[in-house]
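This is what each chain is made of:
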Amino acid sequence: MPLPIAGDPQRDDSPDAAVVVVNYRTPNLVERCLASVRATQGGLDLQIVVIDNASGDGSAARLRQSLPDATVVELEANRGFAAGVNAGFRHTSAEFVVVLNPDTELAPGALAQLLGRLREHPRTAVVAPLLEHADGRLAPNGYRRFPGLFTIALDLCIPLGYARLATRLPHPAAMSPAALRAGARPAWVCGAAMAIRRAAYAQAGDLDEDFFLYFEETEFQQRLARCGWTVELAPGATARHLLRGGGAEALAHSPHFLASALRYLRMRGVPVAVSRAVLAVSLALSWLGLRLIACLPAKRAQAGEQARAYRELLGLALRGTAAPRG
């Protein structure tokens, strides 16, 4: 009889789950995130691992001091979120691995819901909670189909987004709030908070570390689907998500989003020149729309700041310049 592998649920000493958080200069958010994990832990035996992506700001030392029950692993270089998650899998042994962004906070009972769904459905590779914005509104984190050029362009185009909301047209890919709450099966889920089955991860392979940030979980879930695994939502589990930590950075898409979108579309067979041209048009429309909104006195400060951010994104799209790493 073969010996069970590390993380095999047959082992009596195997933890119920591992929790992996990738940190880059956000120790305060990591502490809040893991405080929420402890609050929902109940009687679960958890391995808690924080991967520090070469923050270089004392984050790792602070987290070792404030989180004595966690293993803090310092990487020599910041190679991005996918590299951090892969390192988290290498430093854990549990069969179920819960990956959390530092800017997420689990609601009570969420862990039990996520792990219970994985135990009950052996062909499910990933289970995600419902995500909420800081104000409690439901965030779209389940999608009916994988992204394409049209859906990414739509997400980057603020005027088209306003028009869609005004006419109450559904998003072409995002699941409706009713479908999310009903637990309808998505094609893929946002990677801000997700429980992953190690056996599925091992079969599909590591997250692609050529994605520095964004789209790594999307491409990973495509590989899972090709291997015959499914992805689910657990509507009884919720997590609060502060986009990019909240604050000014949440006003516009990250340059890393644009760089990863172009790479993802190239992997899907869309020529780079076509992707850059279409996404540049979307970004230009967003910049023009925000400049108009900034003419309103009450909106001047925020819309002006957003306009500057979208102008920078437009420049990156036109030049084809990669986003800075770090």
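Our subject is the structure that appears above.
*Asks:* Outline helix α10 (residues 255–267), listing residues and values.
*Replies:* Three- or four-residue spacings in an α-helix give side chains the same orientation, since the helix completes a turn every 3.6 residues. With 13 residues, α10 ought to run about 18 Å at 1.5 Å a step, and its terminal C-alpha atoms sit 19 Å apart, in line with that. Taken as a whole, α10 has its buried residues at His256, Phe257, Leu258, Ser260, Ala261, Leu262, Arg263, Tyr264 and Leu265. Against the buried residues of α10 lie α5 (149–156), α9 (216–226), α11 (272–293) and α12 (300–319). Positive phi shows up at Gly269, right after α10, with a value of about 95°.

*Asks:* With reference to specific residues and values, describe the pairing of strand β2 (residues 46–52).
*Replies:* Most of β2 is tucked away, with six of its seven residues classed as buried. For the segment spanning strand β1 (residues 17–23), helix α1 (residues 27–41) and β2, crossover handedness is right-handed. Summarising the sheet, β2 and strand β3 (residues 71–74) pair through four bridges and their orientation is parallel. From the neighbouring strand, Asp52 faces β3, where its bridge partner is Glu74. Each parallel crossover has a hand, and for β2 linked through helix α2 (residues 59–66) to β3 it is right-handed.

*Asks:* How would you explain the packing of α10 against α11 if you had to name every residue and give the values?
*Replies:* Viewed as axis vectors pointing N to C, α10 and α11 meet at an angle of 140°, and their least axial separation amounts to 9 Å. When the axis of α10 is compared with that of α11, the two are oblique. Of the two elements, α10 crosses α11, and the hand of that crossing is right-handed. Two secondary-structure elements touch here, α10 through Leu258, Leu262, Leu265 and Arg266 and α11 through Val272, Ser275, Arg276, Leu279 and Leu283. When its residues are assigned to classes, the contact of α10 with α11 shows six nonpolar, one polar and two charged.

*Asks:* Residues and numbers for the side chain of Ser260, please.
*Replies:* Secondary-structure assignment places Ser260 in helix α10. Within the local environment of Ser260, its side chain forms a polar contact with the backbone oxygen of Tyr214, the two atoms lying 3.2 Å apart.

*Asks:* Break down the nonpolar core for me, with residues and values.
*Replies:* Within soluble globular proteins, side chains that are nonpolar tend to cluster in buried spots. Counting residues in each nonpolar core, the largest one holds 35 residues, and the members touching the most others are Val19, Leu34, Val37, Leu46 and Leu100. Per element, the largest residue contribution to this core is five residues, and it comes from helix α4 (residues 110–120). When near neighbours in sequence (up to four residues on either side) are disregarded, Leu100 contacts Val19, Val20, Val21, Val22, Cys33, Val37, Leu106, Ala192 and Ala193. Residues Ala18, Val49, Leu75 and Val99 belong to the second largest nonpolar core, which totals 33 residues.

*Asks:* Requested: an account of the packing of aromatic side chains, with residues and values cited.
*Replies:* Within the structure shown, the criterion is met by six aromatic pairs. Here the aromatic rings of Tyr143 and Trp188 are separated by 4.4 Å at their centres, their planes lie at 15°, and the arrangement is stacked. Here Trp188 lies in strand β9 (residues 188–189) and Tyr143 lies in strand β8 (residues 142–143), a separation of 45 residues in the sequence. Each of the two residues, Tyr143 as well as Trp188, counts as buried. Site record: aromatic cluster; members linked through ring pairs are Tyr214, Phe215, Phe257 and Tyr264.

*Asks:* Go over the pattern of salt bridges with me, naming the residues and quoting the values.
*Replies:* The tally for this structure, following the rule as stated, stands at 12 salt bridges. With its nearest N and O atoms 3.3 Å apart, the salt bridge here joins Asp69 to Arg38. Taken together, the residues Asp69 in the loop between α2 and β3 and Arg38 in helix α1 connect sequence positions 31 residues apart. The class for Asp69 is partly exposed, based on a relative accessible area of 46%. Looking at Arg38, the relative accessible area reads 32%, which means it is partly exposed. The salt bridge partner of Asp210 is Arg263, with a shortest N-O separation of 3.3 Å. Residue Asp210 is found in the loop between α8 (198–204) and α9, and its partner Arg263 is found in helix α10; the two are separated by 53 residues along the sequence. The network of salt bridges with common partners includes Arg117, Arg185 and Glu232.

What counts and what doesn't
- Residues numbered from 1 in each chain as written.
- Predicted model: local features only at pLDDT ≥ 70, side-chain atom pairs only at ≥ 80, totals over all residues.
- Heavy atoms only, no water.
- Helix = DSSP H or I, 4+ residues; strand = E, 2+ residues; numbered from the N terminus.
- Expected span 1.5 Å × (residues − 1).
- Buried < 20%, exposed > 50% of the residue type's maximum accessible area, 1.4 Å probe, protein only.
- Contact = heavy atoms within 4.5 Å.
- Right-handed = clockwise from strand over helix to strand, strands pointing away.
- Pairing = 2+ DSSP bridges.
- Axes fitted to C-alpha atoms, helices over the stretch in contact; angles between N-to-C directions.
- Parallel < 35°, antiparallel > 145°, perpendicular 65-115°, else oblique.
- Left-handed = near helix turned anticlockwise from the far one by under 90°.
- Nonpolar A, V, L, I, M, F, W, Y, C, P; charged D, E, K, R; others polar.
- Polar contact = N/O pair within 3.5 Å; in protein donor to acceptor, adjacent residues only side chain to side chain.
- Core = buried A, V, L, I, M, F, W, Y, C linked by side-chain atoms within 4.5 Å.
- Phe/Tyr/Trp six-rings, centres within 6.5 Å; stacked < 30°, edge-to-face > 60°.
- Salt bridge = Lys/Arg side-chain N within 4 Å of Asp/Glu carboxyl O.

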